[in-house]
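These are the residues of each chain, in order.
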Amino acid sequence: MIVIDSASPVPPFEQLRAQLARQIQDNTLAVGTKLPTIRRLAADLNLAVNTVGRAYRQLEEAGLIETRGPAGSFVSASGEQGRERARRAAAEYAEVIAGVGIDTDEAIRIVQAALTNGTAATPPSRLATSHLPDGGRDA
Amino acid sequence: MTDQSVSPAELKGAGEWLAVHGLTDVQPTPLLATRLAVRQRARLAAAVLLAAFIIAVALVYTFARPHGPAADGSGSYRHWSLLVLTAVVAGLVLAQSLLDRRVRQVDRRVGATLPRRAAHPVRPGWRTVLGRARAAFAVATFAGAMLLAIGALTVLDSTARYAALVLLIGLCGAAVVTVVQLRHVLTHPVVAEDEASLTTDVVMRVEDAREVTTPSLVWCLPVASVLDTVPGWWVFAWCLFVALSAVSLALITVWTGLAARRRGTPLAPR
């Protein structure tokens, strides 16, 4: 089930993207599953077509779904590759953390902030200014 | 808000509907009551519409029926009557579409009042909503009726041929109405706010699809036209066809009911 809460501070496209991504990653939506068309899902959820389109586009960019022309959007077999990419990124992140000497709790907080914001998090100012050799520009 | 427009009787009706479908753990909500009420009204209007259609077919047939030995040959046929009949069929399709549109409008209106909207990540398709058995039954029923109507066209008697033509046009109208209604049932947006209302939405669709594919109009149409003109073998074949269809429909209904009970899901078709 997908639920869009209009009272939530999280934008509708992000609610939709996150729920579909979670269902794909926990295999609730198996590889090859056909997703509803953008127009139909927009009608079901009472959202603008562009909103659903944006969520689908982001899922596509993340490699979780693929669009096969007029046949529609399907859960991509590269979903596993997406996980592998996430694992590799985490390993690289761990290397950076070790290199700059941040403790584990703080590193996890940075990741949580990034996940909550939906974008790369701006590290706490203390980190950016005191631990990074270049003043935190690349953090 | 829906709460203000829903009567206690409609809410009670929603509770009864849930109980009939084995959804005793689901609370009747104003959303469900409103959706069921508009469907009930639309169904009643559709039944009146079909009755009016059958009467119209009978009237067209009776008034334009060729009489006497001079009736043979195309010149004696009142072609205008077939045009009138075609217009009646078009009117039926249009009226049914308007009824479906009214249901969609009410769904959209009550849906717009929901603070949360729920949907399926994988939309139930025709196999889930209608089921293969009922889809095959619907196709076979129309195919059988069409074949019999075409069979009546081969009869030499011109009156019987005219009646068969009336029946064929009526059957085409019934087929178009069924397709229009099924399309509506399968494609209209989900109106749900949680798991329970999502389930009731599917059950409502299944029930609507079953209603649409019950061939009551198909079975009734020959009574309005051909039965007093076609030879005995045709009447016997039609009675056999209706009996076989009724038995098939009963078997499918029992089978799907048992399958649903086995799965523990309300109205699960296959």
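Note that the structure is a prediction, hence the values are computed from the model and not measured.

A word on the overall build of chain B. Of the regular secondary structure elements, chain B holds 10 helices and 1 strand. When the helices and strands of chain B are read in sequence order from the N terminus, they spell out α-α-α-α-β-α-α-α-α-α-α. Dimensions of chain B, computed from C-alpha atoms along their principal axes, come out at roughly 70 × 40 × 30 Å. By the burial criterion, 48% of the 270 residues in chain B qualify as buried. Within chain B, contacts between residues separated by at least 24 positions form 79% of all contacts whose residues are at least 6 apart in sequence. Accessible surface for chain B amounts to roughly 12900 Å². Of this, 68% is attributable to carbon and sulfur atoms.

A few words now on the overall build of chain A. Secondary structure assignment for chain A yields 6 helices and 3 strands. Along its sequence from the N terminus, chain A presents helices and strands in the succession β-α-α-α-β-β-α-α-α. Only carbon and sulfur atoms are counted for the fraction: they give 53% of the accessible area of chain A, which is about 8300 Å².

Residues and elements named next belong to chain B. At a minimum axis separation of 10 Å, helix α3 (residues 30–64) and helix α4 (residues 79–112) run at an interaxial angle of 175 degrees. Between α3 and α4, the crossing angle belongs to the class labelled roughly antiparallel. Tallied by class, residues from the contact of α3 with α4 come to 23 nonpolar, 3 polar and 4 charged.

The next thing to look at is the UniProt feature "transmembrane region" (unreviewed entry) in chain B. Residue and element names in this part refer to chain B. Residues given the UniProt feature "transmembrane region" (unreviewed entry) here are residues 44–64, 79–99, 135–156, 162–180 and 233–260. Annotation note: span residues 79–99, helix share 100%, strand share 0%, distance between end C-alpha atoms 31 Å. Across residues 135–156 one finds 86% helix and 0% strand; the C-alpha atoms that close the span lie 35 Å apart.

To continue, consider the packing of aromatic side chains. Residue and element names in this part refer to chain B. Under the definition given, this model contains 3 aromatic pairs over all chains. Measuring from ring centre to ring centre gives 6.0 Å for Tyr-61 and Tyr-162, while their planes differ by 20 degrees; the resulting arrangement is stacked. Of this pair, Tyr-61 sits in helix α3 while Tyr-162 sits in helix α7 (residues 158–187), and the two are 101 residues apart along the sequence. Residue Tyr-61 is classed as buried on the basis of its relative accessible area of 4%. Arranged with centres 5.1 Å apart and planes meeting at 50 degrees, the rings of Trp-238 and Phe-241 form a pair that is tilted. On the criterion of helical spacing, the pair formed by Trp-238 and Phe-241 is a turn pair, its members being 3 residues apart in helix α10 (residues 232–263). Relative accessible area serves as the criterion here: at 4%, Trp-238 is assigned to the buried category. Within the aromatic cluster, the residues linked to one another by ring pairs are Trp-234, Trp-238 and Phe-241.

Take the nonpolar core next. Side chains of nonpolar character tend, in soluble globular proteins, to be buried together. By size, the foremost hydrophobic cluster in this structure holds 37 residues, and its most contacted members are Leu171(B) and Trp234(B). Elements that contribute at least two residues to this core include exactly α3, α4, α6 (132–153), α7, α9 (216–224) and α10 of chain B. It is α7(B) that contributes the most residues to this core, 11 residues altogether. Setting aside residues up to four positions removed in sequence, Trp234(B) forms contacts with Leu148(B), Ala149(B), Gly151(B), Ala152(B), Leu167(B), Pro222(B), Val226(B) and Leu227(B). One finds Ile24(A), Leu41(A), Ala55(A) and Leu59(A) within the second-largest nonpolar core, a separate group that totals 20 residues.

Residue and element names in this part refer to chain B. Looking at where Arg-134 falls in the secondary structure, it is placed in helix α6. One buried charge, Arg-134, has no salt-bridge partner; the nearest side chain with opposite charge is Glu-211, at 8.8 Å. Setting aside residues no more than four positions away along its own chain, Arg-134 makes contact with Arg-210, Thr-213, Thr-214, Leu-249, Ile-252 and Thr-253.

Residue and element names in this part refer to chain B. Taken residue by residue, chain B gives an average pLDDT of 85. The fraction at 70 or more is 91%. The element-level mean pLDDT for chain B is lowest in helix α1 (residues 2–5), coming to 54, with strand β1 (residues 116–119) highest at 94. This stretch, residues 69–75, has a pLDDT under 50; its non-local contacts, to residues over four places away or in other chains, come to 7 contacts.

Taken together, the contacts link 18 residues of chain B with 20 residues of chain A. With both chains or domains summed, chain B and chain A bury close to 1500 Å², and 56% of this area falls on carbon and sulfur atoms. Inspection of the region where chain B meets chain A yields 1 salt bridge. The residue Asp44(A) makes a salt bridge to Arg123(B) at a minimum N-O spacing of 2.9 Å. The tally of links from chain B across to chain A stands at 6 residue pairs in polar contact (both at pLDDT 80 or more). Every element with two or more residues in the side of chain B that touches chain A is listed here: β1, α7 and α8 (195–213) of chain B.

Taken together, Ile55(B), Leu59(B) and Phe63(B) make up a surface patch of nonpolar side chains, about 330 Å² in accessible area. Its location among the elements puts Leu59(B) in helix α3.

Residues and elements named next belong to chain B. In this fold, Val-202 is placed in helix α8. On the accessibility criterion, Val-202 (19% relative accessible area) is buried. Along the backbone, Val-202 and Ser-158 are 44 residues apart, and their C-alpha atoms lie at a distance of 49 Å. Once residues within four sequence positions are removed from consideration, Val-202 is found in contact with His-120 and Pro-124.

A separate point is the packing of α9(B) against α10(B). Residue and element names in this part refer to chain B. One can describe the packing of α9 onto α10 by two numbers: an axis separation of 11 Å at closest approach and a directional angle of 165 degrees. Put simply, α9 runs roughly antiparallel to α10. The handedness of the crossing between α9 and α10 comes out as left-handed. For the pair α9 and α10, the contacting residues are Val-218, Trp-219 and Pro-222 in the first and Trp-234, Trp-238, Val-242, Ser-245, Ala-246 and Leu-249 in the second. Of the residues that constitute the contact of α9 with α10, the class distribution is 8 nonpolar, 1 polar and no charged.

Calculation rules
- As a convention, each chain's residues are numbered from 1 in the sequence order in which they are written.
- Each chain is given a letter, starting from A, and each ligand a number, starting from 1, according to the order in which they appear as written.
- Residue-level local features of this predicted model are given only where pLDDT is at least 70; pairs of side-chain atoms are given and counted only at 80 or more, and the full residue set underlies all totals for whole chains, interfaces and linings.
- Side-chain calculation: all heavy atoms of the structure are included, whereas hydrogens and water are not.
- Secondary structure counts use DSSP, requiring at least four H or I residues in a row for a helix and at least two E residues in a row for a strand, with both numbered from the N terminus.
- Per-residue accessibility, obtained with a 1.4 Å probe over protein chains only, is compared with the maximum for each type, and a residue is labelled buried under 20%, exposed over 50%, and partly exposed between these values.
- The contact criterion used is simple: two residues touch if any of their non-hydrogen atoms lie within 4.5 Å.
- Values of accessible area rely on a 1.4 Å probe in the Shrake-Rupley scheme; residue burial ignores everything except the protein chains shown.
- Every axis in this analysis is a line fitted to C-alpha atoms, fitted for helices over the stretch in contact. Angles between the N-to-C directions lie between 0 and 180 degrees.
- Under this scheme an angle from 65 to 115 degrees is roughly perpendicular, one under 35 degrees roughly parallel, and one over 145 degrees roughly antiparallel; angles in between are oblique.
- Charged means Asp, Glu, Lys or Arg here, nonpolar means Ala, Val, Leu, Ile, Met, Phe, Trp, Tyr, Cys or Pro, and polar covers whatever is left, Gly included.
- UniProt positions are given in the numbering used here, feature names are shortened, and annotations may be inferred rather than shown by experiment.
- Between 30 and 60 degrees the pair is tilted, below 30 it is stacked and above 60 it is edge-to-face, where a pair is any two Phe, Tyr or Trp rings, Trp via its six-membered ring, whose centres lie within 6.5 Å.
- As used in this record, nonpolar core signifies buried Ala, Val, Leu, Ile, Met, Phe, Trp, Tyr and Cys residues forming a set joined through side-chain atoms within 4.5 Å.
- All tallies of charge rest on Lys and Arg as positive and Asp and Glu as negative; His and the ends of each chain are not included.
- Salt-bridge detection follows one rule: a side-chain nitrogen of Lys or Arg within 4 Å of a carboxyl oxygen of Asp or Glu.
- Per-residue confidence from the predictor is reported as pLDDT, which spans 0 to 100.
- Accessible surface is computed with a 1.4 Å probe, and the buried area is the amount of it that two parts give up when combined, taken over both parts together.
- The definition of a polar contact used here is a pair of N or O atoms within 3.5 Å, where within protein one atom must be able to donate a hydrogen and the other to accept one, and adjacent residues in sequence count solely through side-chain atom pairs.
- Patch definition: residues above 30% relative accessible area lacking any salt bridge, with like charges linked at up to 9 Å and the nonpolar side chains Val, Leu, Ile, Met, Phe, Trp and Tyr linked at up to 5 Å.
- Handedness of a helix crossing follows the sense of rotation of the near helix relative to the far helix, less than a right angle counterclockwise being left-handed and clockwise being right-handed.

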